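Now for the letters of each chain:
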Amino acid sequence: MEAHPNRLMKESPGDRIFNVATYLYLAIVFVLVAYPLIYVVSASFSAPSAVISGKVWLWPVEPTLNGYEAVFKNKQLVSGFANSLFYMVAGTLINLVMTVMAAFPLSRKELFGRNLFMAIFLFTMLFSGGLIPTFLLVRDLGLLDTRWAMILPVALSVWNLIITRTYFQATIPDELYEAASMDGCTDFRFLLRMALPLSAPILAVMALYYGVGHWNSYFNALIYLKSPDLQPLQIILRNILVLNQLDPTMMQDFEVLQRKQGLADIVKYAVIVVASLPVLLIYPFVQKYFVRGIMIGAIKG
Amino acid sequence: MKADVLVRTDWNRKSRRITRHTIRRMLAHWQLYVILLPPLLYVIIFHYIPMYGIQLAFKQFQAMSGIGGSPWVGFKHFDQFFNSPSSWRIIRNTVGISLYSLAAGFAFPILLAVALNEVRGRFFKKTVQMVTYAPYFISTVVLVGMLMQILDPRIGVINQFITLFGGDPVNLMGKAAYFKSIYVWTTIWQGTGYSAVIYLAALSGVSKDLQEACVIDGASKLRRIWHVDLPAIRPTIVILLVLSFGNVMNVGYEMIFLMQNSLNLTTSEIISTYVYKVGLVNANFSFSTAIGLFNSVINLILLVAANYAAKKFTDSSLW
């Protein structure tokens, strides 16, 4: 890092007040954001009686793993977890293939009618058919209540297409493409041998964006899926956290315990932690890719 | 006359040459079109065919005859919607929540980004950035679940605070008057760190020379931020503002839908959740499509208008 301009000169009293204010402001923001997160994690590890009587403020009180035990015994949660994993992996793979297949040709000057094709994609960001026409289409295609309904309707995000296309334009020089064309390299070959290896960073960013999107979404499952064994994790979570419907088979398991300790209240905290864990665990390691993705997107605005 | 013909034949010849050249160029790169075909088919099927289905808004849907065969009814569904007592309340809720969150939330990411940009301790900066960014990755369902736990009248930490100071527990999620604020401040909590990254990216492009020149001229930090940093990120601010105006009618329905209960519905029902309930829960396809279309058209108009205003009054715009 080069010297920050501030180091060039002695700071005035006004600037010192400003510095203190900046740090104070950031510290307050930090606490406001972090406190609910810490509280939820602490409550999930605390004894139910301590949470209900309001003894938990920051750290776990009378630590216990009962809540987590109940979560991992719940068959619905486990099956939801597996389904979500499938939708995320399969969905993201298709997303990546489609995004590259759209972004690569649209980044080449040689594609006659490029602006027209781009306009066809961009217009869908401004205007859409809406909920019912889309639902009727998915129904008429026979996708309702199939795993495809979670993948095909969201096979491509135009926003991510724009970011990837910008990246291709910036990193693959026209000269390289022209030279390869002259040497008789076909477009298929160029895409597979040159463009893809060069685009590993953007593919990582896209995989993360799409992956998190699949993992966290619930609305498509709500409208397209009926069978209990196809439901993703978020729908199961909605039943437990928002609609207050704990699976009856699960209730029987610890009904005795629950009467004794009010376990159900704690299970919710444990459910929240377990459901967010996969994303939050990898997040510190991939954060810089997310930031990079936003920056690439910001170039184009 | 003669000259005119000459010019025209010349033009024809040129255009023919261009066409031939274009066709040759297209043939040489036919594989690009093959690669583009699957994504193109995707948008046509999953985005443009539903647009064709919008005609349902002006028809009475009959399951037997399908979209094309159902009879036309003109503006009947729009009349029905605008004449129903709930329509204006729903529109008011939608616009109200949207403008509230725009007004309350817009400055926070900019403040956070500018403050983070001033911090020199790398560890402090990284930590604050990482923690404020983290809520963005919490799913909507989990976020609402957390909210309901924390605001719970019996075991929620907020009410434990209230009772600690001698107050009576309040069912915050059940009070219609609180709904907007709870929604808006929760989204600010979740989204500020994420949006700040966009501004931070823009701030990293501010010229160091300009900064140094300011320091040498004896400008205070506050002045430097005002005269150098903020103008530098102005295009980003304008573009994000335009985008949020284009989304005024699309408030976060996925989250609001989860937060709704029978007690707060008077303030929490918005157009998108209403479209879902009328259309998919009550299977009133045509009526729902009409309301959805109204929503999309208003959105499109707002976006175009905001972009026009941005172009006119500043030098940055979406297109």
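Thresholds applied
- Residues numbered from 1 in each chain as written.
- Chains lettered and ligands numbered in written order.
- Predicted model: local features only at pLDDT ≥ 70, side-chain atom pairs only at ≥ 80, totals over all residues.
- Heavy atoms only, no water.
- Helix = DSSP H or I, 4+ residues; strand = E, 2+ residues; numbered from the N terminus.
- Rg over C-alpha atoms; globule rule 2.2 N^0.38 Å.
- Buried < 20%, exposed > 50% of the residue type's maximum accessible area, 1.4 Å probe, protein only.
- Contact = heavy atoms within 4.5 Å.
- Lys, Arg positive; Asp, Glu negative; His and termini not counted.
- Charge placed at Lys NZ, Arg CZ, Asp CG, Glu CD.
- Salt bridge = Lys/Arg side-chain N within 4 Å of Asp/Glu carboxyl O.
- Polar contact = N/O pair within 3.5 Å; in protein donor to acceptor, adjacent residues only side chain to side chain.
- Nonpolar A, V, L, I, M, F, W, Y, C, P; charged D, E, K, R; others polar.
- Domains from an automatic or database assignment.
- Buried area = accessible area lost by both parts, 1.4 Å probe.
- 1 Å grid on protein atoms, 1.4 Å probe; cavity = no way out; pocket = protein on both sides within 12 Å on 5 of 7 lines; lining within 4 Å.
- Points joined across faces, edges and corners; volume = space filled by probe spheres on them.

Helix and strand content of chain B: 16 helices and zero strands. Its C-alpha atoms give chain B a radius of gyration of 27 Å, clearly above 20 Å, the size a compact globule of 319 residues would have. Considering only C-alpha atoms, chain B reaches an extent of 100 × 75 × 35 Å along its principal axes. Out of the 319 residues belonging to chain B, those deemed buried represent 48%. Taking all contacts inside chain B whose residues are at least 6 apart in sequence as the whole, residues at least 24 apart take part in 63%. Here chain B holds 28 positive side-chain charges and 13 negative ones, and the gap between their average locations is 10 Å.

Turning our eyes to something else, we now look at the interface of chain B and chain A. Interfaces are often described in size by the accessible area the parts lose on coming together. With 101 residues of chain B at the interface, the matching set in chain A holds 102 residues. Linking chain B to chain A there are zero salt bridges. Taken together, chain B and chain A are joined by 13 residue pairs in polar contact (both at pLDDT 80 or more). Here the side of chain B that touches chain A is built from residues that sort into 71 nonpolar, 20 polar and ten charged.

Another aspect to go through is the domain arrangement of chain A. Residue and element names in this part refer to chain A. Taken as a whole, chain A is organised into domain 1 (1-64) and domain 2 (66-301). Summed over both partners, the interface of domain 1 with domain 2 buries about 900 Å², with 72% contributed by carbon and sulfur atoms. Among the residues domain 1 hides against domain 2, the three largest losses belong to Val40, Ser44 and Pro48. Together they make up 50% of the total. Scanning the region where domain 1 abuts domain 2 turns up zero salt bridges. Elements represented by at least two residues in the side of domain 1 that touches domain 2 include exactly helix H1 (13-45) and helix H2 (48-52). Per-element accounting of the side of domain 1 that touches domain 2 gives the leading share, six residues, to H1. In terms of residue class, the side of domain 1 that touches domain 2 is built from eight nonpolar, four polar and no charged.

Right, let's talk about the domain arrangement of chain B for a bit. All names here are of chain B. As assigned here, chain B comprises domain 1 (2-69) and domain 2 (76-313). The interface is formed by eight residues belonging to domain 1 together with eight residues belonging to domain 2. Contact between domain 1 and domain 2 buries roughly 670 Å² in total, counting both sides, with carbon and sulfur atoms accounting for 66%. When the buried area of domain 1 at its contact with domain 2 is split by residue, Ala57, Gln60 and Phe61 rank highest and sum to 56% of it. For the interface between domain 1 and domain 2, the tally reads zero salt bridges. Here domain 1 and domain 2 share four residue pairs in polar contact (both at pLDDT 80 or more) between them. By residue class, the composition of the side of domain 1 that touches domain 2 is five nonpolar, two polar and one charged.

To continue, consider empty space enclosed by the protein. What the rule picks out here adds up to two cavities of 30 Å³ or more. Approximately 40 Å³ is the volume attributed to the largest cavity. As for the largest cavity, its lining consists of A:Trp215, A:Asn216, A:Gln234, A:Ala275, A:Ser276, A:Val279, B:Phe137, B:Ile138, B:Ser139 and B:Val142. Of all elements in the fold, only helix H10 (200-216) and helix H14 (263-300) of chain A reach the threshold of two or more residues within the lining of the largest cavity. Top element by residues in the lining of the largest cavity is H14(A). It accounts for three residues. A breakdown of the residues in the lining of the largest cavity according to their chemical character gives six nonpolar, four polar and no charged.

What follows deals with the pattern of salt bridges. Residues and elements named next belong to chain A. Counting across every chain of the model gives four salt bridges over all chains. Put simply, Asp174 and Arg108 hold a salt bridge, and the shortest N to O gap is 3.5 Å. A residue pair is termed long-range when its members are at least 10 positions apart, and Asp174 in helix H8 (residues 174-182) and Arg108 in the loop between helix H4 (75-106) and helix H5 (114-126) qualify at 66 residues. Residue classification places Asp174 among the partly exposed residues on the basis of a relative accessible area of 24%. Here Arg108 falls in the buried class, since its relative accessible area comes to 0%. Here Lys109 makes a salt bridge to Asp174, at a shortest N to O gap of 3.0 Å. Of this pair, Lys109 sits in the loop between H4 and H5 while Asp174 sits in helix H8, placing them 65 residues apart in sequence.

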